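Remarks on the overall topology
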Amino acid sequence: MILKRISVKRFKAIRDKVIEFSPSLNIIKGTDNEAGKSSLRTAIVKALYQDPATSRADIWGLTSWGMDELWEVELELQTDSESYQLTKSLKDGSCRLVELGSSRVITSRNAIEDEVAQITGCPSEVFFESTACIGQEELIGIIPGMATVGEKQKAKGAITKRLQGTLIGTEGVDVTTLLLKLSAKTHRKDARGPYYELQKIVSQVDKLKAEKPSLEEQVNKVMEGRRKLNKIKEELEQVSEDLPPKKELLEKNQRILEKEKEIKGEKVQYESFNRAKRFKVSLDEQNERLGELACFMGREGDVGQLEDAEGEVTSLEKTQSNLEGEIKTIQEQKRAQRWMFIAGLVATIGALLGLLISKYAGIVAVPGLLMLGYWVTRQRDFNGQIKEKSNKVGDLEAQIQDNQTVIRNILDLLDFEDYAECIRRFRDYSQKVTARKTTADKLSGVIGEKDWDTFEKENEGLDIRISGAQKELNSLLSFKLEPLELQKLENEVTTLQNRKEELEKDKGGLDRFFEYTDVDTDQLTTMEEELRWREEERKFFENKMRLFEITREMLDEAHQQTLIKAADILEKELGKYISVITGGRYNEVKINEEDLSVWAFSPEKQDWVDVLELSRATQDQFYIAARLALVKLITEEKKPPLLLDDPFVNFHPKRLEKMISLLQELSMENQILLFTCSDAYDDCGNVISVS
């Protein structure tokens, strides 16, 4: 695998830089420890393995100071069969891997992790750091100290399995116990040389750590404010983008409701106007018909008097008829009593004639006289009754005549000859008056107290207004929402408006905060760089003190887990590398099969010696060679690029020259990126300045 090109933005000491690499040996050179070498090395590792969606503060903290946006890194990679472009962006939490040959694009984080593992031969960042990366402080260790316990256990397990698979064709070893033993055995021993330096560094680190919290609190407050402000700006921009179309749609739907209500009201008014016109036409027609009966207008009292007179005549005539009937009855009764007159008269005459015959015959005259007396009395009574009733009939005739005179006068006044015709026409007139009043009431119910002209003028052009409103409504109907959708939209608009106000208020508060805040973030950067450098120095001396014990114990545990065969392979690879580095002084190396300790044949002693008995510099050279050999064995022939962070600072010049030659030879198979401040490598490969 070859790194061809990298683009780094806002990453630690690198603000914006594009670097192209040689496929062999690259010398990444800086003038001092803050020139950007470590930033570039870290950027390469994070581009390969970092999840850009993380919220870890230490990963966000890799962003260059003073930058509002988070870091972005883009790598171009090449294997024997394909070229790739890998992009990681904390700015938007995205990752993207493009196969340039097939144009296949991968955006899934898990898929990208699997693809990177296949390309590099290293399944994780810690694994990559433990194999392909070697720094000054990592000569004696395989797993980086900055890794978490879980990452260390996982990486150690993967390395053990890879090594076992390379050697015996299987990766079935249970490495958990091995890692726990290694973790338990990773403890500090009595310092031999670096103790004094370590104590001095610890004192300096403690002092920096004591001063850091106050400054860090201020800087963190500023950085947190900036992050909040950026998020607020992004959300405010999104809200400002989302709100107008929703608000416009809501206004259109509100306009639709207003128009529908307006049209409904106008239609009701239009119907009322049409109904009023019909009433007006009917009223005009009724007035016209009433004009034909104008004689009755204002004469209702006369007609009432006429009807009263006619009723009186009828009543009087009826009474007259009854009286005449009674007179007739009395006359009939009077005639019916003639027999009594005749009988009395005959009896009296007979009695008078009987006196001529007998003196007693006069007795017979008495009944006759009585009968004649009764008849005379009754006749007088009948005549009195007839006279009385005849007088009443006369009075009635006078009254009838008076009323008929009244009737005639009124009929003449109304220009009628016939009473019945007059009354019939008056009834027709009354019905028409009632009908007109009903129509007038209906019309008044529509127009109220307004006169017709005013009402008609107010409703002129009503149909045109309805048509115009309907046309506008039709143009808006495509935007009409159902009631539930409209309610939802109203809630969304209200929520967005409220959220916009909240964001603008929060933004104003943060703007005022930054206006009156004066915090030197560069001072914290300088302090953290110094603290980081002191921590690296401390790790260097700590690692020096446990270098060989950890390595020996790891090899011993590996041996106990069926890795005995590793000795022969490591002897071969290690011997090849150490011979080049030491200029042939040490060219015979063997691995103890019992504890996998490294032994070298010493020309001076003419015997095998444990490398732990050699000088510190020689020990470093042996274990660099062992590390290179181990990398070759466990990366499954993927040949990842080797990232060397100036690991040869303790080498003797002659052996450094040999080491450079070895690096040039190794760069024929593996791309090498050597990060250094030294000028010793300027003629050894492709020099890239990051100053």
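Residues numbered from 1 in each chain as written. Predicted model: local features only at pLDDT ≥ 70, side-chain atom pairs only at ≥ 80, totals over all residues. Heavy atoms only, no water.

**Comments concerning the environment of Gly 344**
Checked against the element boundaries, Gly 344 lands in helix α9 (residues 338–355). Residue class for Gly 344 comes out buried when judged on its relative accessible area of 0%. Separated by 27 residues in the primary sequence, Gly 344 and Met 371 have C-alpha atoms spaced 4.9 Å apart. Residue contacts for Gly 344: discarding those within four places in its chain leaves Gly 368, Met 371 and Leu 372. (Helix = DSSP H or I, 4+ residues; strand = E, 2+ residues; numbered from the N terminus. Buried < 20%, exposed > 50% of the residue type's maximum accessible area, 1.4 Å probe, protein only. Contact = heavy atoms within 4.5 Å.)

**Thoughts on the pairing of strand β6 (residues 94–99)**
In this structure, strand β5 (residues 83–89) lies alongside β6, joined through six bridges in antiparallel fashion. The residue bridging Ser 89 from the neighbouring strand is Ser 94, located in β6. Between β5 and the antiparallel strand that follows it, β6, lie four residues; Gly 93 among them carries a positive phi value of about 65 degrees. Sheet topology places β6 next to strand β7 (residues 104–106); three bridges connect them, and they run antiparallel. Across the sheet, residue Leu 97 finds its bridge partner in β7, namely Ile 106. (Pairing = 2+ DSSP bridges.)

**Comments concerning the sheet that holds strand β12 (residues 642–645)**
Here we have five strands laid out as an open sheet, ordered β8-β12-β13-β3-β14, and parallel in their pairing. Of all strands in the sheet, those bounded by a partner on one side alone are β8 (133–135) and β14 (686–689). Between one strand axis and the next, the sheet turns by 15 degrees as a mean value, whatever way the strands run. Relative to β14, strand β3 (residues 25–29) is paired through four bridges, and the arrangement is parallel. By the bridge assignment for β14, Ile 28 is matched with Ile 688. (Axes fitted to C-alpha atoms, helices over the stretch in contact; angles between N-to-C directions.)

**Examining the nonpolar core**
Ile 6, Leu 40, Ile 44, Leu 48, Phe 622 and Phe 648 are the most contacted members of the largest nonpolar core, which has 82 residues in total. In terms of residue count, the dominant contributor to this core is helix α17 (residues 616–634) (eleven residues). Not counting chain neighbours up to four residues away, the residues in contact with Ile 6 comprise Lys 17, Val 18, Ile 19, Phe 21, Leu 40, Ala 43, Ile 44, Val 73, Glu 74 and Leu 75. With 26 residues, the next largest nonpolar core counts Leu 290, Ile 330, Phe 382 and Cys 422 among its residues. (Core = buried A, V, L, I, M, F, W, Y, C linked by side-chain atoms within 4.5 Å.)

**Remarks on the pattern of salt bridges**
Evaluation of the coordinates by the stated rule reveals 40 salt bridges. Residues Lys 29 and Asp 682 are paired through a salt bridge, measuring 2.9 Å at the closest nitrogen-oxygen approach. Of this pair, Lys 29 sits in strand β3 while Asp 682 sits in the loop between β13 (672–676) and β14; the two residues are 653 residues apart in sequence, bridging distant segments of the chain. For Asp 682, a relative accessible area of 27% corresponds to the partly exposed category. Across the salt bridge formed by Lys 437 and Asp 441, the nearest N and O atoms sit 3.1 Å from each other. Of this pair, Lys 437 and Asp 441 both sit in helix α11 (residues 419–447), four residues apart, which is roughly one turn of that helix. (Salt bridge = Lys/Arg side-chain N within 4 Å of Asp/Glu carboxyl O.)

**Some words on the packing of aromatic side chains**
On inspection of all chains with the given rule, the structure shows ten aromatic pairs. Here Phe 11 and Trp 71 contribute two aromatic rings whose centre-to-centre distance is 5.1 Å and whose plane-to-plane angle is 75 degrees, an arrangement assigned as edge-to-face. Of this pair, Phe 11 sits in strand β1 (residues 2–11) while Trp 71 sits in the loop between α2 (57–60) and β4 (72–78), and the two are 60 residues apart along the sequence. Like Trp 71, Phe 11 is buried. Across the ring face of Phe 479, the terminal group of Lys 252 is positioned such that the distance to the ring centre comes to 3.7 Å. (Phe/Tyr/Trp six-rings, centres within 6.5 Å; stacked < 30°, edge-to-face > 60°. Lys NZ or Arg CZ within 6 Å of the ring centre and 35° of its normal.)

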